[in-house]
Each structure stands twice: as structure tokens, then as C-alpha cells.
Amino acid sequence: MVSTPDYRHSPLRVGPYASGPGNRAVLPLVPRPFAGEACSSWLERLGARSDLTTTQLLSSFGCSGVSAHDLDWERDRRTVSVLAGVIGFPAARITRLRCGPPASRLWERAERAWCRICLREGLMRDGEAWTQRCWRMGWAAVCRRHGRLLEAVCPRCRRTDLGCLFVPRAGRLRAICRQRDEAVNLWGEGVRAELPWGLRLDAVERTHLVALERDWARGMRGYRPLRRWRGVSAVRSLAAVVEDLVLLVLITTRTWIQPAPPLRWMVARSNWLDNFVYTPAMLPVRMAAGTLLLAARLLADPLHGAEPPVLWSPSGHAAKREALNAASFMAWLEPGQRSWGGSLTAAPPGPYQN
Ligand SMILES: [Zn+2]
Ligand SMILES: [Zn+2]
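Along each chain, residues carry numbers from 1 onward, in the same order as the chain's sequence is written. Whichever chain is written first becomes A and whichever ligand is written first becomes 1, with later ones labelled in order. Predicted model: local features are reported for residues with pLDDT of at least 70 only, side-chain atom pairs are reported and counted for 80 or more only, and whole-chain, interface and lining totals are derived from all residues.

An unreviewed UniProt entry annotates the chain as TniQ domain-containing protein originating from Gluconacetobacter sacchari DSM 12717.

**Observations regarding the overall build of the chain**
Our working rule: We count a stretch as a helix when DSSP gives it H or I for four or more residues in a row; a strand needs E for two or more, and each element gets its number in order from the N terminus. In this treatment the radius of gyration is a C-alpha quantity, and the globule benchmark scales as 2.2 Å times the residue count to the 0.38 power. The burial label depends on the number of other C-beta atoms within 10 Å of a residue's C-beta. Counts of 20 or more mean buried, 12 or fewer mean exposed, and intermediate counts mean partly exposed, with C-beta atoms placed from the backbone.
Each helix and strand counted, the chain has twelve helices and ten strands in total. Expected size for 354 residues packed as a compact globule is a radius of gyration near 20 Å; at 22 Å, the chain falls within 12% of this value. Across its three principal axes, the chain shows a C-alpha extent of roughly 80 × 45 × 35 Å. Counting across all 354 residues of the chain, residues that qualify as buried make up 37%.

**Overview of unusual backbone geometry**
Despite not being glycine, Arg158 shows a phi value in the positive range, around 65°. Mapping Arg158 onto the fold places it in the loop between α5 (116–126) and β3 (167–169). Positive phi values are uncommon outside glycine, yet Arg254 reaches one of about 50°. Counting through the fold element by element, Arg254 comes out in the loop between α7 (238–252) and α8 (263–267).

**Brief notes about the confidence of the model for the chain**
To keep it simple, the criterion reads: You can read pLDDT as the predictor saying how much it trusts each residue, on a scale of 0 to 100. C-beta atoms are placed from the backbone for every residue, and two residues are taken to be in contact when these atoms lie within 7 Å.
For the chain, per-residue confidence averages 88 on the pLDDT scale, and residues scoring 70 or more make up 90% of the total. Taken together, the stretch residues 1–24 has pLDDT below 50 and engages in 22 contacts with residues farther than four places along the chain or on a different chain.

**Focus on the nonpolar core**
How we decide: For our purposes the nonpolar core covers buried Ala, Val, Leu, Ile, Met, Phe, Trp, Tyr and Cys residues that link as a set through C-beta atoms within 7 Å. In this document the domain limits rely on a domain assignment from an automatic tool or a database.
Ala141, Val142, Leu150, Ala289, Leu292, Leu293 and Ala295 are the most contacted members of the largest nonpolar core, which totals 82 residues. Those elements giving two or more residues to this core turn out to be α1 (39–48), α2 (54–60), α3 (77–87), α5, α6 (203–220), α7, α10 (285–299) and α11 (326–332). Here this core takes eleven residues from α10, the largest share from any one element. Two domains each put at least three residues into this core: domain 1 (116–183) and domain 2 (196–267 + 280–350).

**Some thoughts on the environment of Pro196**
Tracing the backbone shows Pro196 in the loop between β6 (182–183) and α6. Each C-alpha atom, one on Pro196 and one on Pro314, is 9.5 Å from the other, the two residues being 118 residues apart in sequence. Ignoring anything within four residues of it in the chain, the contact list for Pro196 reads Arg286, Met287 and Gly290.

**Observations concerning the domain arrangement of the chain**
One frequent convention defines the size of an interface as the accessible area lost when the parts assemble. Using the following cut-off: Residues were grouped as follows: Ala, Val, Leu, Ile, Met, Phe, Trp, Tyr, Cys and Pro as nonpolar; Asp, Glu, Lys and Arg as charged; and all remaining residues, including Gly, as polar.
On domain assignment, one finds that the chain holds domain 1 (116–183) and domain 2 (196–267 + 280–350). Its C-alpha centre places domain 1 at a distance of 27 Å from the equivalent point of domain 2. The partner domain 2 presents 14 residues to the ten residues of domain 1 that form the contact. Of the residues contributing to the side of domain 1 that touches domain 2, the split by class is seven nonpolar, two polar and one charged.

**Things to note about α3**
Each full turn of the α-helix corresponds to 3.6 residues, which orients residues three or four apart in the same direction. To be explicit about the condition: Note: the arc covers the axis-to-C-beta directions of the helix.
For α3, the complete set of buried residues consists of Thr79, Val80, Leu83 and Val86. Down the axis of α3, the sector holding all buried residues measures 135°, keeping them to one side. Turned more than 90 degrees away from the buried face of α3 sit Arg77, Arg78 and Ser81, all of them exposed. Following α3 by one or two positions, Gly88 adopts a phi angle in the positive range, close to 85°.

**Topic: the packing of α7 against α10**
Packed helices, taken two at a time, are described by their axes: the angle between them and the distance between them. Note the following rule: Here the axes come from fitting lines to C-alpha atoms, over the contacting stretch only for helices, and the angles between their N-to-C directions go from 0 to 180 degrees. What sets the label is the angle itself: under 35 degrees gives roughly parallel, over 145 gives roughly antiparallel, 65 to 115 gives roughly perpendicular, and the rest give oblique. It is the rotation of the near helix from the far one that decides the hand of a crossing: anticlockwise by less than a right angle makes it left-handed, clockwise makes it right-handed.
Look at α7 against α10: their axes get within 10 Å of each other, and the N-to-C directions meet at 125°. The orientation of α7 relative to α10 falls into the category oblique. When the axes of α7 and α10 are compared, the crossing they make is right-handed. Across from Val241, Val242, Leu245, Val246 and Val249 in α7, the residues of α10 making contact are Thr291, Leu294, Ala295 and Leu299. In terms of residue class, the contact of α7 with α10 is made up of eight nonpolar, one polar and no charged.

**Here's the deal with the environment of Val82**
Here Val82 is to be found in helix α3. Residues Val82 and Cys63, 19 residues apart in the sequence, show an inter-C-alpha distance of 8.1 Å. Beyond its immediate sequence surroundings of up to four residues, Val82 is in contact with Phe61, Gly62 and Cys63.

Laid out in C-alpha cells, this is it:
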């Protein structure tokens with residue numbers, strides 16, 4: 001005789017769903033989203049309760065062809081409605097876990113990144129690893145709370161592409177290295193990553209980055225920036241200007257990045273190549289931080305009084321540090337790009353603060 005497994009007393013299996021109000025099936029084990037958690041992270045934790053990947057989890061709800069990362073950005077009302085029904089949460093609560101609007105999808109960070117201290121705090125306080133929304137966004141390369149460059153390399157195996165540190169094990173996401181199948185020790189300081197081009201991440205630099213992040217986030221929500229930024233106008237967003245600067249940096253550093261936008265973003269556009277732009281989200285975190293700092297310093301209109309200079313080493317000699325400004329930036333660019341670079345750094349600032 002074949003017996004059916006009894007899921008009722010298992011803490012790990014979803015099994016046949018419990019019966020909810022109106023005979024609606026609801027999952028018996030549903031973790032609450034943490035403040036600032038990305039939707040995909042919450043779904044990862046939900047799946048971990050049943051030893052399911054997010055793809056398996058969504059498929060089991062009849063939502064095949066949807067990735068958890070889609071739900072971080074897209075307005076997928078059907079999937080959200082199904083999730084709300086099965087999980088017993090209001091749809092609006094799930095929608096609030098999105099990282100940004102679909103139009104900003106190219107600002108979705110390509111690689112998984114984290115702040116070691118935030119991750120450690122999450123493990124101690126919440127009992128599992130989880131991903132903050134800002135780690136998924138290309139405008140944040142530095143933790144706001146701890147001022148550290150985000151990490152993307154597993155401290156054990158040194159890989160970036162295996163999903164280490166967020167591994168489902170015994171019903172929770174654990175800080176485990178997939179390659180070595182060992183717990184990862186996050187208590188050390190880790191390797192302090194240096195920014196490129198001799199840039200450093202001191203208080204002055206962090207102030208600039210925070211100002212850029214803040215205004216980018218405001219623009220994403222449809223608000224005007226608080227600062228004036230060169231090249232920004234009523235019809236041209238801060239994001240669009242930074243995207244130009246990213247391309248300029250890629251050309252200057254002879255860095256080739258294969259365009260690989262999210263599948264759903266691509267299929268929604270018949271001519272996706274015409275709409276494609278490079279964003280800091282596609283760069284390795286260290287290079288993204290350097291590029292954002294160039295943008296934050298070069299595009300800011302110096303209306304806010306005399307600010308200490310950001311120093312860098314465009315020549316590549318660490319001992320020769322100089323102020324990062326339009327002149328040193330132009331000298332760093334290849335001669336063929338200087339006209340374009342000059343038009344970015346000399347563009348009139350705008351818009352005015354509300
Ligand atoms: Zn942090
Ligand atoms: Zn690893």
C-alpha cells in the first residue's frame with residue numbers, strides 16, 4: 001500500500017495547503033517580510049520553508065514563466081493576486097516590496113550584493129539571511145548605514161555567481177558557501193575593497209554618494225531632485241545623465257559588458273536594443289561605486305558652498321592624487337571622448353529645487 005506523506009506536523013513541508021477562510025487554500029508557514037526586504041528575498045525565504053526554489057514555488061502556484069526578480073520591478077497583477085490568495089496577505093503589501101517601477105528595470109543589479117554587517121545583523125536578529133531592496137538597485141553600491149562598499153564575492157570560494165550566503169537549508173536561508181558546502185564566517189572585517197582610479201570611500205565621498213542616491217530615488221518616484229545636477233531638466237532625468245556617464249567610463253576603460261537585460265524587459269519591447277542603456281547596475285560593485293562617485297562629484301552643481309575636494313589618481317600612480325573636477329576628468333578621458341565628456345560636465349544644472 002502506498003501511503004501519502006503526512007505534512008501536518010512537518011515544519012518544512014508545505015504539502016497540501018491548509019484551508020483558509022472560505023475554503024481558500026493558504027500556506028501554513030509564511031514568513032513576514034522584513035522592513036526594507038526585496039520581494040524576491042521574501043519569496044526565497046518562503047520557498048526555503050518548503051525546500052523549494054522561487055521558480056518551483058511560483059510554478060506550484062500556477063505562475064510559471066515568472067521569476068521572483070520580475071516581481072521586484074514589474075507590475076504583475078495576476079501573480080501578485082495569486083500570491084495574495086495563497087499566502088493570505090493583501091496584494092498591496094506584496095506590491096510594496098517592489099524595488100522600483102518597470103521603467104527602471106535596467107537599474108536592477110545584475111549580481112547579488114550585500115553589506116556584511118547588515119547581513120550579520122539579519123542572521124543574529126532574524127535567524128536567516130535576507131536581501132535588502134537597496135542591494136538590488138544599481139544606484140546603491142555603498143551601505144547607507146555602515147558606509148561600506150557592498151560585497152558580491154563569496155568570502156569562502158571567491159565566486160560571485162553561485163548564490164552563496166543565501167542558501168536554503170533546513171527551512172531557512174543560511175550563510176553557506178554553495179561551492180564548498182560550508183558555513184561562511186561573516187565575523188571578520190573581510191577584504192576591504194578599494195574603489196577604482198584611486199578613489200577612496202571617506203566621509204566626503206560618502207556624502208556625495210548619498211546625495212546622488214537620494215535624488216535618483218526621488219526621480220524614480222516622480223519627484224524633483226533636491227540638488228541641482230548638470231544636464232538634468234524637466235525632460236531629462238538624473239538617471240539618464242548618469243547612464244551617459246557610465247557609457248563614457250566603459251569606453252574610456254575599454255570595458256566590454258555584454259548587454260543582457262532581463263528577459264521580461266526584452267520581450268516587452270520589439271526593438272529592445274534601441275531602448276537599451278548601460279547603467280551602474282551592470283557593473284561590478286566596485287566599478288559601479290567609482291562611476292557613481294564620478295557622477296556625484298562631476299554632475300553636482302556647486303551651489304552648496306565650498307565642499308572639500310574628492311581626490312583621485314587618474315594617472316594610475318597612487319602617490320599622485322589630485323582633485324576630481326572637470327579638468328582632471330577631461331584629461332583622464334581618451335582624446336576622442338573629451339568633447340562628449342565636456343558636454344556632460346559643462347551642461348547647465350537643473351532643475352531648481354522646489
Ligand atoms: Zn550595512
Ligand atoms: Zn561560495
